[in-house]
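# Close look at the chain arrangement
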Amino acid sequence: MRRLYFLALLYFASQPSLANEAFERLKAKYQALQSGQIELPSLSSSAVTSSNKRSVSDVTAIPSGEELILEVQLGKLVLGQVFGFKTDSSVKLSLTDMSRAFDFVIESDTENNNASGWVRTPDSTFELKRTNNGEWSVLSNGSTTIYPDQSIQLEDDFYIDLALYQTWFDLSFDVNYSTLIIKTQSNIPLPVEQRLAREQRSKDLYQTSNTTHATLLEHDYQPLSKPLLDMQGSINVRDSDTSHNLSILGTNDIAYFNTQYYLAVDEDSNIDSARLSGSRYSNENDLLGFMRASTIEFGDIRPTQINTLQSSNFSLGARLSNKPLIYNGGNSVDLIGNIQAGWDIEVYRNQLFIDSQINVSGGQYEFQDIPLVYGYNKIELVFYGPQGQINRETSDYYVSSTGQSEGEFIYDISIIDEGESIFEQNQTNSNDDNGLSTLIRADYGITDWWSVNIGSQLYHQQGISSFDKHALGTEISLFGSALLSVNTIEEENGDFDRRYQVDTSLLDQSISFTTRSYQTTDKDGDVDAFKSQELRLSGAAPSLKLSYQQSIEQIQTSEDEEYIRLINQLGTNIKNSYLSNRITWSNYDDAETIGDWQIQRYLNEYFVRLGNNYSVSPEFDINSFFAEISGEISNDITGRIRFLHDFDTQSSETALVTSWQPNEFSITSNLIYNEQTGWRASLLGRVGIGLSQDNNAFFTNKSLSSQGTLSARVFFDKNNNGRFDKGDSPLEDVEVETTQNRRRATTNSQGVAILTSLPSYQKTDIKIDLSKQIEGFLVRADAGVSIAPRPGALQTIDIPVVKSLEIEGYVKELQQNGNLANKARVPLLLKDSSGAIIKEVTSEFDGYFLITEIVPKPYTLEIDPTYLRNFNYQQGTSITLGGSETGVLANQNLTLRKAFELKGFSAELALFSRLESLRSYWQILSQRFPNIVKQRYFYSKTDSGYQLYVGFDEKPQQANSICTELNAGKIMCSVKAITRR
C-alpha cells in the first residue's frame, strides 16, 4: 500500500502539469501512513466520515471511500488522469478533472455551489446549481433535471457519479478497477478528437511537404563563395611497381551559379578524368521570371530524359527545367550523386538488394529508373570505400498517385553535343553516331489522377546514324488503389521501346505487372527484338521479420525463342542477424540456376558479413565464398579483415584494412595477399576542406561536395542586438542539431560547429543545447531558423544567446467581499510588442505561475481574453515589461474578477431610440437642473431602446430627491429598484 502511494507521488512529481490538488491529497495520505495514523486524510480537510473509511474486511476489492486516480482513455489516446473516490456501486469523479480531460469548458464555483459552461459546442449549455431545498438542478442536453443531495458530493470540488457523466455528456464508460483505467466511447466527436485530428492532418502535411516550424533562412547564390573540396590520394605498391593517384571534387558559387569540378590524376601526372559544370536550382521555381524554372545547368551535364525508358550519359550542353527538385510521384526514381573514385555502391529497397556499381570512376554514381513498389519504399544506398569505409544513406518514397495535380505543367529542355565533354579525357562521341541535338519533355496533369507526357530528341546534323526519337507516356491513378503507367519511345527508323505497367497492392503486399517490347537496329541493319511479360510480387511479413520479392517473367527473343525466368529474393532478421538470398531459374537452353546469399550482423561492436555464390543446376556447386569482419579498434581507428575464396580457380585472397578516422580526415592502409598474384599494399588519405564564417579552415572526413554543409556560430550577445560584433564572446561546447535529419555537431573554441552531409533541399530546423554551459539561465535570443541545404554549398548562420528572463507570481480573483483568493487553471499569454503570443502558461492549483526562458524584450503579460469571455469575467489586469528587465521578476501578480451584482434604487427618466439623442437630452437637462449633475447618469440597452437613469444608491432617498426636483420642473421621473453589475 505504501509503495503504491509512493509510486504515485513520484509519478505526479515528475509531471508538473498534474501536480494539483490530487497530488496534495496523496502527499497528505502518504505522510499519514508514515506517521502511523489509523484514520487518513479524506478528499478535503474535513475528518473522514464513516461512509468513506476503508473496510478492513474487504481486501480483495477496492473499498468504498478509497481515493482513486484513474486514467481516462479514448481508444489509444490517453486523455488524462482524474481524481475521485470509490462508492459501493461505482465511482465519483472530480467535475474539474473530467472537464479538463474531455476539453469541456466548465468552471466550478464551489463557494457558491454552482458550475457552468458548455459541452462540445457553446450552444450546448451546462449548468449545475443547488436549489433552495438542498437538491441539485442540472441543465444539460437542453433539459433540466433535479437530483437528490446525496447524488453529488461537494468538497473541494464537485464529485459526481460516473453514471451521471454518461447521461450529461453523452458518453459511455468501462472502468477496470484492477488497472485503474476508464475506457471511453463517444457517439459524437469530442473536442479532443477534433483537435487531435487537426493536429494529425497538420502533421501529415508537414511530413509530406517537409515544412519546418521556424522561418526559412534563404541561402542565395553568391558572386563568389568559399570553396568546398573533397581530396583523395593514394599510393599503391605491387611487387616492385609503385603508383599513385589524386582526385579532387570541388564546388563553390561563381557569378551567382554553383560550379562543380572534378579532376583525377594518375601516377604519370596524366589527367584520367575531368568534369566541369555550372548550375542553379530553386525549390520555389523562381528562376528566369515567367519561365518559373527550378533548374539551370550547363557544361558537362546529364541531359533531359524524354521518357523514363531512355538512359542518358554526361554530354556537353545546357539544360532548363521547372521539374521539382525532390521526388513527387511515379513508380521509378533516379539515384544520382557525386562520389570519389574507387568506391562500390549497393542499392536496397525495403531491405532487398536491387542493384550495385563496382569501383565507380568519373566522380559520380548513377542508378536510373530504379523501380518502386506500390506503397511504401525505403531506399538505402550502402557505400563501401576502397579501404573499408561503410556509409549509408536512406530515403523514403511512397507510390500511390501520378505525383501531378490538375493543371500542373512541367517542362524539361536540353541542347547537347552528345558524348562530348569540355575536357578531351571524357569524350565518348563518334562523329558518325551522335552530334548536336535538342531534347524536350513536357508533363501535364489533366486531372489529379491522370497525367500525360510527351518528349522528343531531334538531331541537327546531317550524316549521323542516330535517328530522331519521339516519346509518349501517361500515368493514371485507378480509384486510388492502383497506378497504370504507359511509356513508349518511337524512332524514325522504326525502332521502338514500349512498356505498360500496373502497380497495386493487396493485403499490404505490392503487385506489379509489366509488359515490355523493344526493337533496335544496328549499323549493319541487323534487328534485335525482345518481348516480355513480368509479374512481380513483393512485400513483408512483419510478424516473421521477412521481406520478399518474387518475379515471374516470360521472354520472347527476336529468334522467336520463348523462355521463362523466375527470380526469388528473401530478406529476414533472425536474432539480430540480417540474412538475404537471391536465386534465379530459367528454362532457356542450358541456363544454370544460380544464387547468392549473405548474412550480416553486429557481434558486440564488430560488423560481420559472410556469404557465397552458388549454382543449383545442372548440379549443385559453390562458386565462391567470402567473409569479413570490421569494427572499431579504438575511438578513431577501425579495422577490417576480408577473406575471399574462388572455388573455380581454387585461389584465395586475404585483405587487412586499417583506417584512422579522426573528425578532420581519414588515412587508410590496405594490405592484400592473393595466392596467384602475390602481395600488394596501398595507403589512401581523404579529407574535406572548407572555410567557416570566421575564415578559419575546417577539415572533415565526410564528403562536402555532394550534399549540404552548415557552419553555425553560437555566441553570447552582450548588447542583445542579434549580431556578432565587438564585445560578444563565442560559446564552446554547445550542441547544434538539424532537427529533421538528425545531424549533430559541437561548437569549438571559436563557437563554430560544422554539420556535414545534410540532405539536399530538405528543410530542417536548427536547434541548440545549452545544458553544458557553466553559466546558467542562458536562452537562444532569436526565434529560430530553418534551412534548405544546397548540394555542394556552405551555409553560415549566427545564433545569438542571452541571459534569460523569468516571471513568477500568482493569479488572484477579487471576490465581492474584497478579499483576494488564488485562482487555479487560468491561462496566461505573454505577447510581444506586435501582439504575437510568445509563451502560454496556466496557473497551478494554488494560482502560482512561472514563465522561464524568456528573451529580454518588451512584453505584455495578460490573462487569456477567451477565458475571461467564456467564464464571464471582467477585464483582468496585465503586466507591461519595457525590455530592460533581467533575472527573475517575482511577485508579478495578476487579478481578475467577475461582475458583482448590486441591488439599489435609481431615478428612471426617458427612453430613447438613439444613444446620441440620450446624450444630448442629458446635456440640456444638466443645464436646467444643476443639482443633478452631482449624480452620475447611466443607461441600459433594451429591445425598445436606451433607458436613461440618474443616480444609484442602496436606499431610495437619493432617487426620491432627484425625482422630486425633476417632477417640479415637469420632467417625467420615477424611482425604480434595479440591479447593477
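Residues numbered from 1 in each chain as written. Predicted model: local features only at pLDDT ≥ 70, side-chain atom pairs only at ≥ 80, totals over all residues. Heavy atoms only, no water.

### Let's talk about the overall build of the protein chain
Along its length, the protein chain carries eight helices and 66 strands. Evaluated residue by residue, the protein chain yields a buried proportion of 43% over its 981 residues. Summarising the internal contacts of the protein chain: among those between residues at least 6 apart in sequence, 51% fall at separations of at least 24. Only carbon and sulfur atoms are counted for the fraction: they give 51% of the accessible area of the protein chain, which is about 51,100 Å². (Helix = DSSP H or I, 4+ residues; strand = E, 2+ residues; numbered from the N terminus. Buried < 20%, exposed > 50% of the residue type's maximum accessible area, 1.4 Å probe, protein only. Contact = heavy atoms within 4.5 Å. Areas by Shrake-Rupley, 256 points an atom, 1.4 Å probe, with all protein chains shown as cover.)

### Considerations on the packing of aromatic side chains
What characterises a pair of aromatic rings is the spacing of the ring centres plus the angle enclosed by the ring planes. Summed over all chains, the structure comprises 28 aromatic pairs. Ring centres of tyrosine 518 and phenylalanine 530 lie 5.2 Å apart, and the angle between their planes is 20 degrees; on these two criteria the pair is classed as stacked. Taken together, the residues span a long stretch of sequence, with tyrosine 518 in strand 32 (residues 509-521) and phenylalanine 530 in strand 33 (residues 527-541) at a distance of 12 residues. Residue classification places tyrosine 518 among the partly exposed positions, given a relative accessible area of 25%. (Phe/Tyr/Trp six-rings, centres within 6.5 Å; stacked < 30°, edge-to-face > 60°.)

### Considering helix 7 (residues 915-928)
End to end, helix 7 covers 20 Å across 14 residues, agreeing with the expected 20 Å (1.5 Å per residue, within 8%). Every buried residue of helix 7 is accounted for by Leu915, Leu918, Trp922, Leu925 and Ser926. Down the axis of helix 7, the sector holding all buried residues measures 95 degrees, keeping them to one side. Every exposed residue of helix 7 that faces more than 90 degrees away from the buried side is listed here: Ile924, Gln927 and Arg928. Contacts made by the buried residues of helix 7 are with strand 63 (902-912), strand 64 (937-941), strand 65 (946-953) and helix 8 (957-968). (Expected span 1.5 Å × (residues − 1). Arc of directions from axis to C-beta.)

### A look at unusual backbone geometry
What you tend to see is this: most non-glycine residues have negative phi, and most peptide bonds are trans. One non-glycine residue, asparagine 285, adopts positive backbone phi at about 50 degrees. Looking at where asparagine 285 falls in the secondary structure, it is placed in the loop between strand 17 (271-281) and strand 18 (295-301). Look at leucine 288: it is not a glycine, yet its phi comes out positive at around 60 degrees. As for its placement among the helices and strands, leucine 288 is situated in the loop between strand 17 and strand 18.

### Section: the state of the cysteines
Considering all chains together, one arrives at one disulfide under this definition. Between cysteine 963 and cysteine 973 runs a disulfide, and the two sulfur atoms are separated by 2.0 Å. Between cysteine 963 and cysteine 973, the S-S dihedral sits near -60 degrees, and the bridge is therefore left-handed. With cysteine 963 in helix 8 and cysteine 973 in the loop between helix 8 and strand 66 (974-980), this pair connects stretches of sequence that are 10 residues apart. When its relative accessible area of 11% is taken as the criterion, cysteine 973 is described as buried. (Disulfide = S-S within 2.5 Å.)

### Thoughts on the nonpolar core
One finds Phe102, Leu128, Trp168 and Phe169 to be the most contacted residues of the largest nonpolar core, which totals 33 residues. It is helix 4 (residues 162-169) that contributes the most residues to this core, five residues altogether. When sequence neighbours within four positions are dropped, the list of residues in contact with tryptophan 168 reads Phe126, Leu128, Val138, Ser140, Asn141, Tyr147, Ile152 and Ile160. One finds Val802, Val811, Leu861 and Leu881 within the second-largest nonpolar core, a separate group that totals 28 residues. (Core = buried A, V, L, I, M, F, W, Y, C linked by side-chain atoms within 4.5 Å.)

### Comments concerning the pattern of salt bridges
Within this structure, the stated rule accounts for 23 salt bridges. Aspartate 253 serves as the salt-bridge partner of arginine 790, at 2.9 Å between the closest nitrogen and oxygen. Taken as a pair, arginine 790 in the loop between strand 52 (785-787) and strand 53 (794-803) and aspartate 253 in strand 15 (residues 241-254) lie far apart in primary sequence, 537 residues in all. The burial state of arginine 790 is the same as that of aspartate 253; both residues are buried. Between aspartate 782 and arginine 780 there is a salt bridge, with its nearest N and O atoms 2.5 Å apart. (Salt bridge = Lys/Arg side-chain N within 4 Å of Asp/Glu carboxyl O.)

### Topic: the sheet that holds strand 6 (residues 125-130)
Strand order in the open sheet formed by five strands is 4-5-6-7-8, with antiparallel pairing between adjacent strands. The open sheet has two free edges, formed respectively by strand 4 (105-109) and strand 8 (143-147), since each of these has just one partner strand. Strand-to-strand twist across the sheet, computed as the mean angle between neighbouring axes with direction ignored, equals 10 degrees. Bridge analysis of strand 7 (residues 136-140) against strand 8 gives five bridges, and the strand direction is antiparallel. Paired with serine 140 across the two strands is serine 143, which belongs to strand 8. Packing against the sheet, helix 4 makes contact with strand 4, strand 6, strand 7 and strand 8, and its axis sits at approximately 140 degrees to strand 6. (Pairing = 2+ DSSP bridges. Axes fitted to C-alpha atoms, helices over the stretch in contact; angles between N-to-C directions.)

### Considering the confidence of the model for the protein chain
The predicted model of the protein chain has a mean per-residue pLDDT of 83, with 88% of residues at 70 or higher. When the criterion is pLDDT under 50, residues 1-60 qualifies, and its contacts beyond four places in sequence or with other chains add up to 80 contacts. Contacts from residues 198-210, a stretch scored under 50 in pLDDT, to residues over four places away or in other chains number eight contacts. (pLDDT = per-residue confidence, 0-100.)

### A look at the side chain of glutamate 107
Note that glutamate 107 resides in strand 4. Residue classification places glutamate 107 among the buried positions, given a relative accessible area of 15%. A distance of 3.5 Å separates a polar atom in the side chain of glutamate 107 from a polar atom in the side chain of tyrosine 867. When residues no more than four places from it in sequence are discounted, the contact partners of glutamate 107 are Asn114, Ala115, Ser116, Lys823, Tyr867, Phe871 and Tyr873. (Polar contact = N/O pair within 3.5 Å; in protein donor to acceptor, adjacent residues only side chain to side chain.)

### Some points on a nonpolar patch on the surface
Taken together, the side chains of Leu603, Tyr606, Ile629, Ile641, Leu656, Leu671, Tyr673 and Trp679 present a nonpolar region at the surface, about 740 Å² in accessible area. Structurally, isoleucine 629 is set in strand 39 (residues 621-632). When its relative accessible area of 37% is taken as the criterion, isoleucine 629 is described as partly exposed. (Patch = residues over 30% accessible without salt bridge, like charges linked within 9 Å, V, L, I, M, F, W, Y side chains within 5 Å.)

### Remarks on the sheet that holds strand 48 (residues 743-746)
Strand order across the open sheet formed by five strands is 13-52-50-47-48, with mixed pairing between neighbours. Each edge of the open sheet is held by one strand with a lone partner, namely strand 13 (215-216) and strand 48. Two elements, strand 50 (residues 764-769) and strand 52, share two bridges in a ladder whose sense is antiparallel. Within strand 52, the position partnered with threonine 764 by the bridge is isoleucine 787.

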